[in-house]
Amino acid sequence: MADRGFKVARLPGFAITAVLVFVALYLPIVTLVAYSFNASMSISTWGGFSLEWYARAWENRQVQDATLRSLIIATFAAVISTTVATIAALGTTRRRAFKGQTFIYVMINQPLMVPEIVTAVALMILFGIVKVWLASQGMDRMAHGLHWLILAHAAFCIPFAYLPIRARLEGMDLTLETAAADLYATPWQTFRRVTLPLLAPGIIAGAMLAFVISLDNVVITEFVKSGGQDTLPTYMLGQMRRQLTPEINAVSSMLLAVTVVLLTAFFLLTRRKD
Amino acid sequence: MSPAEAEAVRRSARDGWLLSLPALVILTLAAVGPLAIVLVYSFLTPGQHGNVVWDFSTGGWVGILWTKDIFTGEWVLADGHLTILWRSVWLSLLTTLFALVIGFPTAWFIATRPPRERALWLFLITIPFWTNLLIRTYAINEVLRREGLMNSLLLGLGITDAPIEVLYTPTAIFIGMTYVHLPLMVLPLFAAIDRFDLRLLEAAYDLYASRWQVLRRVILPIVKPGLIAGSILVFVPSLGAYVTPRILGGGKQMMIGNFIELQFLQGKNWPLGAALSMVLLLMVTVALLVYVRHAGRRSQAHG
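So, here's what we can say about the structure. Just so you know, the residues in each chain are numbered from 1, in the order the chain's sequence is written. Written order determines the labels here, with chains lettered from A and ligands numbered from 1. Under the rules for a predicted model, residues below a pLDDT of 70 receive no local features and side-chain atom pairs below 80 are neither given nor counted, while totals for whole chains, interfaces and linings still include all residues.

**What to know about helix α3 (residues 79–111) of chain B**
Our working definition: Each helix is a run of DSSP H or I of at least 4 residues and each strand a run of E of at least 2, with the numbering of both proceeding from the N terminus. By this rule the span expected of a helix is its residue count minus one, scaled by 1.5 Å. Two axes enter the definition of the bend at a residue: one is fitted to the seven residues ending there, the other to the seven starting there, and the bend is the angle between them.
Over its 33 residues, α3(B) runs 46 Å from end to end, which matches the ideal 48 Å to within 8%, given 1.5 Å per residue. Largest kink in α3(B): about 30 degrees, centred on Gly103(B), with the proline Pro105(B) one to four residues after it.

**Regarding helix α7 (residues 170–194) of chain B**
One full turn of an α-helix is made of 3.6 residues, so residues set three or four places apart face in the same direction. Residues and elements named next belong to chain B. The condition is simple: Buried, partly exposed and exposed are defined by the number of other C-beta atoms within 10 Å of a residue's own C-beta, namely 20 or more, between the two limits, and 12 or fewer respectively, with C-beta atoms placed from the backbone.
For α7, which comprises 25 residues, the first-to-last C-alpha distance of 35 Å matches the rise-based estimate of 36 Å (1.5 Å per residue) to within 8%. Bending of α7 peaks at approximately 50 degrees at the position of His181, with proline Pro183 no more than four residues after it. Within α7, 21 of the 25 residues are buried, which leaves the element mostly enclosed by the surrounding structure.

**Focus: the interface of chain B and chain A**
For the record, the criterion: Contact between residues is assigned whenever the C-beta positions, reconstructed from backbone atoms, fall within 7 Å. When residue character is reported, Ala, Val, Leu, Ile, Met, Phe, Trp, Tyr, Cys and Pro are called nonpolar, Asp, Glu, Lys and Arg charged, and the others, Gly included, polar.
Contacts between the two partners involve 69 residues from chain B, matched on the other side by 72 residues from chain A. Per-class residue counts for the side of chain B that touches chain A are 50 nonpolar, 12 polar and 7 charged.

**Overview of the environment of Ile102(B)**
As for its position among the elements, Ile102(B) is in helix α3. Exposure remark for Ile102(B): the 17 C-beta atoms within 10 Å place this residue in the partly exposed category. Along the sequence, Ile102(B) and Val186(B) sit 84 residues apart, while their C-alpha atoms lie 8.9 Å from each other. Other than its neighbours up to four places away in sequence, Ile102(B) contacts Thr17(A) and Val21(A).

**Here's the deal with the environment of Ala111(B)**
All names here are of chain B. In this structure, Ala111 sits in helix α3. As a C-alpha pair, Ala111 and Trp121 span 10 residues in sequence and 9.3 Å in three-dimensional space. In this structure Ala111 touches Phe190, Ile193 and Asp194, once residues within four positions along its chain are discounted.

**Here we look at unusual backbone geometry**
With a phi close to 65 degrees, Tyr184(A) is a non-glycine residue in the positive phi region. With respect to the helices, strands and loops of the structure, Tyr184(A) is situated in the loop between α9 (175–182) and α10 (187–216). Positive phi, normally seen in glycine, also occurs at Tyr168(B), with a value near 65 degrees. In this structure, Tyr168(B) sits in the loop between α6 (149–156) and α7. Look at Tyr168(B) and you get partly exposed, because 16 C-beta atoms sit within 10 Å.

Take a look at the structure:
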């Protein structure tokens, strides 16, 4: 092992390129966060440290509404997608290969493959038709509600919830469940007392990924939302066409912080397995 | 197969399908199924104010490449459409190529760190990957702006006399797409290099191979699967990009994604937008099929 010399692995220019890549990856994000603390109106000249823009964003009614809407949608989407993904993972792993299994994999992973803009357009058309029909039937509340966005988000979150759960299931030791069955546990007891607790880290990891993916979505939300249903990302996209103030940096930084915290937790959860 | 075994197979299939059903229903309603509607709409007639009239027409598909001259009524090649399609393809290819050129050394660097350090470097690559695309694009927008970081640096160091106007050009989209998609190149490359036995390098050097020969004859063949996976993972979202060209192209430099949006949200021509969506889907599917076939061959070769 000591002979795995680092000189051998060194290729000219590689290390410096890598370091430059890391600098280039983080410099824009760090700059963005730094200017969220800028005291001046400008997003490019530094006027001293201030929390003013956070206060403004916090008091901005549109930001408040969009944040709340984003959180509601992401929570529902994460719960729904994680639930169906867990059940599907139980159905497609650790059993004899069956006819149609590949079809199910392709279906579940389909949102990862189809360009978002295509799904967005498809949902806009389909949901549009259904909404018009519902409104014509006098069911206005059914026609305009957050449930359309929740349904769309739940669908594209499924693969993100499914993959970590499936990975966890495949890495799990079968002997514990066999032991439980040997001790006359019913299948339900075995599932509830043995499988589910063992699977929990995978489920939590999947739910967190689904939550982050839903929270970050722009394109599908932009096309599916009805008037006045801006989420935080679509609100930000709208603002970016207007006069920019560091308020947008403050909103971005807060969203960034939520993402980083959830991801760190995700990595800690999935690493404990080893 | 014994009857009991056949029964077990049947039960396994039934349970598998039943358990997957809730997920399949949601996906059919809100992901896969709606795609069929787009196909139908691509063969309808555009309505007066957006939407469609339910009359069969191939106009949407023809309109991708040809347009009717409003004065002479003749069909002529739609230069504007071709420009957008061509821009989407070459910008995506350029992004993939450049991501490969800078992503490979980065993945190599991470894979050759001591194991303890490696997890940290990997985490540093993963964070931007999961960060909101909009925020990352906005961050790049800030750097490239007239008064942004890039121009401040260039002017401050005396490299240029006047600020460079990069924003709203194809260059800006190229920089932005490389920035947002780079982790998708680095991660599969890292996975491939990580499996690479560094003793092969020693063997190559012992046999008097030059550095260039080692890279071309030893390293490249072994990391090829990761290289192809990374290229596909960058190319596919680049081709379908919407947010990045919208912000960095400023509506002047459209890509297919923005062109599709234009047909729908400005209510111009829904069947054309639907046909363009199908073309985009087709191109992505072809790219993915090429990859799956290649990956399938690889895994078979390895048993």
